[in-house]
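# Tertiary structure, described
Chain residues, written in single-letter form:
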Amino acid sequence: MVNADGSVRFDAQICHACGACAAECPAQAISLEGHSEEETMRRVERLLDGDVGATLVFACGCTPNLPWVPGHVHTLTLTCLLRASETTALMALHNGAARVVFAGCVEANCRYPHARELMDRHISRLKDTLAVLTMESALVVLGESSEEDVHLR
Amino acid sequence: MIVMRHKPLDEIRRMLSGWDRVLLVGCGTCATVALAGGEQEVATLAEALRLAASREGMTRVFDQRVLQRQCDPEFVEELVAGEFDAVLAMGCGAGVALISEMVDVPVFPACDTLFIGTSQGLGAWQAECSACARCVLGETGGICPVTRCAKGIMNGPCGGVKDGRCELGDRDCAWVLIHERLEHQGRGAILHEQDAPGDHSVKSTCPRWDVTEGGR
């Protein structure tokens with residue numbers, strides 16, 4: 001797990017393999033077998049597979065009521081959205097996705113300490129980068145759909 | 001460690017305009033810990049530059065590499081830049097300088113080097129040392145007036161201090177901190193012994209250091 005001060009502590013008793021430690025390690029010295037950033041990027045490539053103009057949704061695996069996203073959508077569910085790095089999101093846009101959506105990162109559902117706070121920093125940096133490239137609309141961050149919305153569907 | 005920050009993406013893009021095959025080179029030491037030029041930052045910047053180029057309908061190559069240390073020839077030797085027409089060095093100024101010396105193509109800096117500092121939690125650092133070649137920390141309670149005083153004065157505080165803050169408004173007054181620290185240690189009196197101005201000539205006469213030969 002990642003502590004509030006950014007340090008990393010491993011405790012086998014409480015590890016859920018969320019990947020936050022690997023996502024946060026500056027030297028990328030931590031890896032989770034089968035869940036590396038390269039693996040996530042390969043999954044993104046397979047999902048998009050030359051499909052230009054689609055929406056790629058990175059979905060939080062902890063959130064039960066994911067919001068509905070309109071349009072032509074590919075969804076990649078991750079144990080923690082921290083696994084969808086800035087690099088992965090930019091690569092998806094470079095590979096033809098019209099926009100990327102981070103869906104369901106909600107404090108109330110989060111099982112991982114500080115993941116939401118760390119996620120905010122990731123999103124903020126990604127927004128800054130896309131603003132420079134005049135691609136602000138290519139990034140959408142959605143919370144959780146309300147019970148009512150789920151019922152209507 | 002040496003602390004640096006990323007230049008704005010716009011500035012990096014302007015520097016690299018006209019160069020179509022660029023090698024981004026990160027540094028596995030200070031730049032990694034400073035979250036400015038490690039594996040992650042190199043990969044993210046390369047991807048942002050690729051995306052920017054494809055949005056402009058241009059075919060440009062941005063390849064990436066992270067050296068263990070950019071300030072040591074032993075590691076920079078590994079760099080093969082032959083197929084690239086420019087290098088973007090994502091380390092401190094020393095890294096940019098050494099890579100420039102060792103490759104034939106132009107090298108551009110992706111970071112602004114700020115200071116030698118200490119970690120203050122995730123993504124935050126305090127400037128502590130300016131490599132002035134004349135360390136006075138023993139007399140100043142370990143707080144560097146050259147680095148942390150806006151004027152770098154050796155006998156402070158000056159008249160610009162108010163409630164312990166520097167008149168610039170962005171920092172605590174280093175000299176108030178020094179007085180407080182020394183008094184806490186029961187050695188406030190040593191401040192009254194200081195009267196000589198700082199010798200700023202040392203740094204300008206020591207551009208190079210060799211353990212065997214001494215400074216030149």
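What you are looking at is a predicted structure, and each value in this text was computed from that prediction instead of being measured.

We now examine the sheet that holds strand E2 (residues 21-27) of chain B. Residues and elements named next belong to chain B. Read from one edge of the open sheet, four strands run E3-E2-E4-E5, paired in parallel fashion. Taken across any chain shown, the strands that pair with only one partner, and hence form the sheet edges, are strand E3 (61-67) and strand E5 (107-109). Going from strand to strand, the sheet's axes swing by 25° on average, the running direction of each strand aside. Packed onto the sheet, helix H5 (residues 93-102) meets E2, strand E4 (86-90) and E5 and runs at close to 175° relative to E5.

Considering the arrangement of structural elements, one finds Thr129(A) in helix H4 (residues 115-132). By relative accessible area, which is 15% here, Thr129(A) ends up buried. Discounting chain neighbours no more than four positions away, the residues touching Thr129(A) are Leu90(A), Leu9(B) and Ala48(B).

Two aromatic rings are characterised by how far apart their centres lie and by the angle between their planes. Taken as a whole, this structure holds two aromatic pairs over all chains when the rule is applied. Centre to centre, the rings of Phe58(A) and Phe102(A) are 5.3 Å apart; their planes meet at 35°, and the pair counts as tilted. Taken together, the residues Phe58(A) in strand E1 (residues 55-60) and Phe102(A) in strand E3 (residues 99-103) connect sequence positions 44 residues apart. Assigned by exposure class, Phe58(A) and Phe102(A) land together as buried. Taking the centre distance of 6.0 Å and the plane angle of 50° together, the rings of Trp19(B) and Phe108(B) count as tilted. Here Trp19(B) is found in the loop between helix H1 (9-16) and E2, whereas its partner Phe108(B) is found in strand E5, with 89 residues between them in sequence. Owing to a relative accessible area of 26%, Trp19(B) belongs among the partly exposed residues under this scheme. Owing to a relative accessible area of 17%, Phe108(B) belongs among the buried residues under this scheme.

All right, on to the packing of H1(B) against helix H3 (residues 39-55) of chain B then. Residues and elements named next belong to chain B. Contact geometry of H1 with H3 gives a least axis separation of 12 Å together with a crossing angle of 65°. On the basis of their axis angle, the class for H1 and H3 is roughly perpendicular. The two elements H1 and H3 cross, and the hand of that crossing is right-handed. Counting all contacts with H1, which are made through Leu9, Ile12, Arg13 and Leu16, the residues of H3 involved are Leu45, Ala48, Leu49 and Ala52.

A word on the interface of chain B and chain A. Accessible area lost upon the coming together of the parts serves often as the stated size of an interface. With 18 residues of chain B at the contact, the number on the chain A side is 24 residues. Of all residues in chain B, Gln40(B), Leu51(B) and Leu122(B) give up the largest surface area on contact with chain A, accounting jointly for 35% of the area buried on that side. At the surface where chain B touches chain A, the tally comes to zero salt bridges. Every element with two or more residues in the side of chain B that touches chain A is listed here: H1 and H3 of chain B. Looking at the side of chain B that touches chain A element by element, the count peaks at eleven residues for H3(B). Along the lines of polarity and charge, the residues of the side of chain B that touches chain A split into seven nonpolar, five polar and six charged.

For the rest of this paragraph, the subject is the confidence of the model for chain B. For chain B, mean pLDDT is 91; residues scoring 70 or higher make up 94% of the total. Scored as a complex, the prediction yields pTM 0.86 and ipTM 0.80.

Conventions we followed
Residues numbered from 1 in each chain as written. Chains lettered and ligands numbered in written order. Predicted model: local features only at pLDDT ≥ 70, side-chain atom pairs only at ≥ 80, totals over all residues. Heavy atoms only, no water. Pairing = 2+ DSSP bridges. Helix = DSSP H or I, 4+ residues; strand = E, 2+ residues; numbered from the N terminus. Axes fitted to C-alpha atoms, helices over the stretch in contact; angles between N-to-C directions. Contact = heavy atoms within 4.5 Å. Buried < 20%, exposed > 50% of the residue type's maximum accessible area, 1.4 Å probe, protein only. Phe/Tyr/Trp six-rings, centres within 6.5 Å; stacked < 30°, edge-to-face > 60°. Parallel < 35°, antiparallel > 145°, perpendicular 65-115°, else oblique. Left-handed = near helix turned anticlockwise from the far one by under 90°. Buried area = accessible area lost by both parts, 1.4 Å probe. Salt bridge = Lys/Arg side-chain N within 4 Å of Asp/Glu carboxyl O. Nonpolar A, V, L, I, M, F, W, Y, C, P; charged D, E, K, R; others polar. pLDDT = per-residue confidence, 0-100.

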